[in-house]
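Structural features, examined
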Amino acid sequence: QVQLVESGGGLVQAGGSLRLSCAASVNIFSLMAMGWYRQAPGKQRELVARITRSGETKYAASVKGRFRISGDNAKNTVYLQMNSLKPEDTAIYYCNAHRFTIGTPSDWGQGTQVTVSS
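Structural notes, computed from the coordinates.

**A look at the environment of valine 5**
The residue valine 5 is located in strand β1 (residues 4–7) in this model. Each C-alpha atom of the pair valine 5 and glycine 111 lies 8.1 Å from the other, and the pair is 106 residues apart in sequence. Ignoring anything within four residues of it in the chain, the contact list for valine 5 reads Ser21, Cys22, Ala23 and Gln110.

Here you go:
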């Protein structure tokens, strides 16, 4: 099992930026991929971004051009840089690891709250 610890959430005004971090208990290069999902109140959890161990990235259409996912193998950490934040980005953001199949999360962090005020 992979332990994941998120940090970096908080309250920010619309147009601002936040950087989320996700520290993994294993070498992230050993994973097929890592990613971020989010869940807003009353909505289903949705993919925000993911990055494979070869560096390929995928983004939700709603965040493309504003968010950037990256990884630091030396620190076993994945980041989500979020710029030009909008109130509709308000959600709990969950880090996840894909141990076996890209696109199928196998382990989840506890989540971190991101609130964007208008």
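So that's the structure; there's more coming.
**Examining the packing of aromatic side chains**
Inspection of the entire model under this criterion finds 2 aromatic pairs. Taking 5.2 Å as the distance between ring centres and 70° as the angle between the ring planes, the aromatic pair formed by tyrosine 37 and tryptophan 108 counts as edge-to-face. Taken as a pair, tyrosine 37 in strand β4 (residues 33–39) and tryptophan 108 in strand β10 (residues 107–108) lie far apart in primary sequence, 71 residues in all. Judged by relative accessible area, which is 13%, tyrosine 37 ranks as buried. Tryptophan 108 sits in the partly exposed class, given a relative accessible area of 34%. Seen from their ring centres, tyrosine 94 and tryptophan 108 are 6.4 Å apart, and the 80° between their planes marks the pair as edge-to-face. In this pair, tyrosine 94 sits in strand β9 (residues 91–98) while tryptophan 108 sits in strand β10, placing the two residues 14 residues apart along the sequence. In this arrangement the basic side chain of arginine 45 is found over the ring face of tyrosine 94, its NZ or CZ atom lying 3.9 Å from the centre. Between arginine 45 and the ring centre of tryptophan 108, over which it is positioned, the NZ or CZ distance is 4.6 Å.

**Examining unusual backbone geometry**
What you tend to see is this: most non-glycine residues have negative phi, and most peptide bonds are trans. Of note, the phi angle at asparagine 76 is positive, near 55°, even though the residue is not glycine. Position of asparagine 76 relative to the elements: it lies in the loop between β7 (67–72) and β8 (77–82).

**Thoughts on the nonpolar core**
Counting residues in each nonpolar core, the largest one holds 30 residues, and the members touching the most others are Met34, Trp36, Leu80, Met82 and Tyr93. Taken together, the elements giving at least two residues each to this core come down to β3 (18–24), β4, β5 (46–52), β7, β8, β9 and β11 (112–117). When neighbours within four sequence positions are excluded, methionine 34 is seen to be in contact with Leu4, Cys22, Ala24, Ile28, Arg50, Ile51, Ile69, Val78, Cys95, Asn96, Ala97 and His98.

The rules behind these values
- Residues numbered from 1 in each chain as written.
- Predicted model: local features only at pLDDT ≥ 70, side-chain atom pairs only at ≥ 80, totals over all residues.
- Heavy atoms only, no water.
- Helix = DSSP H or I, 4+ residues; strand = E, 2+ residues; numbered from the N terminus.
- Contact = heavy atoms within 4.5 Å.
- Phe/Tyr/Trp six-rings, centres within 6.5 Å; stacked < 30°, edge-to-face > 60°.
- Buried < 20%, exposed > 50% of the residue type's maximum accessible area, 1.4 Å probe, protein only.
- Lys NZ or Arg CZ within 6 Å of the ring centre and 35° of its normal.
- Core = buried A, V, L, I, M, F, W, Y, C linked by side-chain atoms within 4.5 Å.

Shape descriptors only; they carry no functional weight alone.
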